[in-house]
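Each chain is listed here by its residues.
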Amino acid sequence: MRAVCPGSFDPITRGHLDIISRAAEVFSEVVVAVGHNTTKNYLFDFGERVELARDAIANLENVRVEPIRGLLVDFCRQHDARVIVKGVRFGSDFDYELQMSQLNRQLSGIETVLLPAGREYGTISSSMLREVAHNGADISAFVTAKVNAAVLAKIAEN
Ligand code: PNS
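Model, not experiment: these values are computed from the prediction.

Conventions adopted
Residues numbered from 1 in each chain as written. Predicted model: local features only at pLDDT ≥ 70, side-chain atom pairs only at ≥ 80, totals over all residues. Heavy atoms only, no water. Pairing = 2+ DSSP bridges. Helix = DSSP H or I, 4+ residues; strand = E, 2+ residues; numbered from the N terminus. Axes fitted to C-alpha atoms, helices over the stretch in contact; angles between N-to-C directions. Contact = heavy atoms within 4.5 Å. Near = heavy atom within 4 Å. Polar contact = N/O pair within 3.5 Å; in protein donor to acceptor, adjacent residues only side chain to side chain. Areas by Shrake-Rupley, 256 points an atom, 1.4 Å probe, with all protein chains shown as cover. 1 Å grid on protein atoms, 1.4 Å probe; cavity = no way out; pocket = protein on both sides within 12 Å on 5 of 7 lines; lining within 4 Å. Sits in = over half its atoms within 2 Å of the grid points. Nonpolar A, V, L, I, M, F, W, Y, C, P; charged D, E, K, R; others polar. Salt bridge = Lys/Arg side-chain N within 4 Å of Asp/Glu carboxyl O. Buried < 20%, exposed > 50% of the residue type's maximum accessible area, 1.4 Å probe, protein only. Expected span 1.5 Å × (residues − 1). Arc of directions from axis to C-beta. Parallel < 35°, antiparallel > 145°, perpendicular 65-115°, else oblique.

Observations concerning the sheet that holds strand β5 (residues 111-116)
- Read from one edge to the other, the open sheet built from five strands follows the order β3-β2-β1-β4-β5, with strand pairing classed as parallel. Of all strands in the sheet, those with a lone pairing partner are β3 (63-67) and β5, marking the two edges. In this sheet, neighbouring strand axes are inclined to one another by 30° on average, regardless of whether the strands run parallel or antiparallel.
- Examined bridge by bridge, strand β1 (residues 2-7) and strand β4 (residues 83-88) share two bridges and lie parallel to one another. In the strand pairing of β4, A3 is matched with V83.
- Against the sheet, helix α1 (residues 14-26) engages β1, β2 (29-34), β3, β4 and β5, with an angle of about 120° to β5.
- The sheet strands contacting helix α4 (residues 91-108) are β4 and β5, and the helix crosses β4 at an angle near 170°.

Comments concerning the site of the ligand
- Lining the immediate surroundings of the ligand are 15 residues, of which S8, K40, L72, K86 and Y96 lie closest.
- At 2.9 Å, a side-chain N or O of K40 approaches an oxygen atom of the ligand.
- Between the ligand and the protein, one listed contact pairs an oxygen atom with a side-chain N or O atom of K86 at 2.9 Å.
- Considered on its own, the ligand offers 530 Å² of accessible surface; in the complex 83% of this is hidden by protein.
- A molecule is said to occupy a pocket when more than half its atoms come within 2 Å of that pocket's grid points, and by this definition the ligand occupies the largest pocket.
- Elements with a minimum of two residues in the shell around the ligand: β1 and α4.
- The element best represented in the shell around the ligand is α4, accounting for four residues.
- Looking at side-chain class alone, the shell around the ligand contains six nonpolar, seven polar and two charged residues.

What to know about the pattern of salt bridges
- Inspection of every chain in the model, using the stated rule, returns 14 salt bridges.
- For the salt bridge of E66 with R64, the shortest nitrogen-to-oxygen distance reads 3.3 Å.
- On the accessibility criterion, E66 (22% relative accessible area) is partly exposed.
- Via salt bridges that share partners, R2, E29, E51, R54, R64 and E66 belong to a single interconnected network.

A few points about helix α6 (residues 145-157)
- Between its first and last C-alpha atoms α6 spans 18 Å; for 13 residues at 1.5 Å apiece the expected length is 18 Å, and the two agree.
- Within the sequence span of α6, burial applies to V147, N148, A150, V151 and K154. Across the axial projection of α6, the buried residues extend over an arc of 165°, all falling on one side. The outward face of α6, more than 90 degrees from its buried face, is lined by the exposed residues A145, A156 and E157.
- Packing partners of the buried residues in α6 comprise α2 (46-56) and α5 (126-134).

Side note on the packing of α2 against α6
- The N-to-C vectors of α2 and α6 enclose an angle of 155°; their axes lie 9 Å apart at closest approach. Taken together, the axis directions place α2 and α6 in an arrangement best described as roughly antiparallel. Contacts between α2 and α6 involve E48, L52 and D55 from the former and K146, V147, A150 and K154 from the latter.

So this is what it looks like as structure tokens:
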């Protein structure tokens, strides 16, 4: 069964990769869907987020990355996927994901499966990593080498 792992991935982190690789063990195929949340200000543009995600999952053979244009549920239909997989770190994630999953199911009948975040990267977020990196912290333990270099380049350019 094909599953979709959606998110903003601004940028993709080891926490995302943990969820994606675990989803890739449960489902036969995983499509990582890079989307746009209109309430967020992004560090990386759409194309950059897709490229960094593609590089990060290159070693996972049943995983690919595609951009979402429009609604996530339409993306799932177009890609013939009946399940959305998302990671949950703590209670506030669950509240947000519950709301999104109910809306998506009402819109389309597509189910959402929530995976508990792994211990090692359990509570990291892209926004927190962006914030500490802006202030000089080394985030290389939490992202791939390519993402780390891209974040440093972006900070130098801003
Ligand atoms: O990083 P996020 O906020 O969890 O990512 C959310 C994303 C991009 C997956 C979501 O905003 C999305 O699905 N966008 C596409 C438009 C859409 O379907 N919105 C309704 C979701 S209930």
